[in-house]
Amino acid sequence: MDTTQLLKGVLDLAVLSVVADEDGYGYDVVRRLRAAGIEEVGDASVYGTLRRLYSSGALTSYVVPSDEGPHRKYYGINAQGRAMLAAQRKDWFEFAGTMQRLLGTEGGA
């Protein structure tokens, strides 16, 4: 199954969840998503999601200087982001429960 469309619908939730655990810079967030099992996530999609969530007020950001290479822009979750994460988490579990009941516990018809 091509999960690209599914991922587009839940990338905000996944990114918020990752930065809720620990602040991170763009590629660090990508790496943690991939380590969690979302291997097909694109770098550009995550960077765009981080910028959009920051612009919407759900994330904070700060720059950490680096002796090797460019400075890194870290993102962290704030109270608005935590509220968004809680609401999206609730929606996700309700939707996933509905799909599980629809598909059956074995995943087959």
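Residues numbered from 1 in each chain as written. Predicted model: local features only at pLDDT ≥ 70, side-chain atom pairs only at ≥ 80, totals over all residues. Heavy atoms only, no water.

On to the packing of aromatic side chains. For any pair of aromatic rings, geometry is given as the distance between the ring centres together with the angle between the planes. If you walk through the whole model with that rule in mind, you get four aromatic pairs. A ring pair is formed by tyrosine 54 and tyrosine 75, whose centres lie 6.3 Å apart and whose planes are at 70°; its orientation type is edge-to-face. In this pair, tyrosine 54 sits in helix H3 (residues 43-55) while tyrosine 75 sits in strand S3 (residues 72-77), placing the two residues 21 residues apart along the sequence. Among the residues examined, tyrosine 54 registers a relative accessible area of 37% and is labelled partly exposed. Judged by its relative accessible area of 6%, tyrosine 75 is buried. Ring centres of tryptophan 92 and phenylalanine 95 lie 6.3 Å apart, and the angle between their planes is 50°; this geometry places the pair in the tilted category. Pair noted here: tryptophan 92 and phenylalanine 95 are both in helix H4 (residues 79-103), with a separation of three residues, about one helical turn. On the basis of relative accessibility, which here comes to 37%, the residue tryptophan 92 falls in the partly exposed class. For phenylalanine 95, a relative accessible area of 47% translates into the label partly exposed. (Phe/Tyr/Trp six-rings, centres within 6.5 Å; stacked < 30°, edge-to-face > 60°. Helix = DSSP H or I, 4+ residues; strand = E, 2+ residues; numbered from the N terminus. Buried < 20%, exposed > 50% of the residue type's maximum accessible area, 1.4 Å probe, protein only.)

This part is about the UniProt feature "domain: Transcription regulator PadR N-terminal" (unreviewed entry) in the chain. UniProt marks residues 15-86 with the feature "domain: Transcription regulator PadR N-terminal" (unreviewed entry), using the numbering shown here. When the span residues 15-86 is considered, its composition is 53% helix and 19% strand, and the gap between its end C-alpha atoms is 13 Å. (UniProt positions renumbered as here; feature names shortened; annotations may be inferred.)

Looking now at the environment of alanine 87. Within the secondary structure layout, alanine 87 lies in helix H4. The partly exposed category is assigned to alanine 87, whose relative accessible area is 40%. With 11 residues separating them in the primary sequence, alanine 87 and threonine 98 have C-alpha atoms 17 Å apart.

In this section: the environment of arginine 34. By the element assignment, arginine 34 lies in helix H2 (residues 26-35). By relative accessible area, arginine 34 is classed as partly exposed at 28%. Those residues in contact with arginine 34 that lie beyond four places of it in its chain are Tyr27, Glu39, Val41, Gly42 and Asp43. Only 2.8 Å separates the side chain of arginine 34 from the side chain of aspartate 43, close enough to count as a polar contact. (Contact = heavy atoms within 4.5 Å. Polar contact = N/O pair within 3.5 Å; in protein donor to acceptor, adjacent residues only side chain to side chain.)

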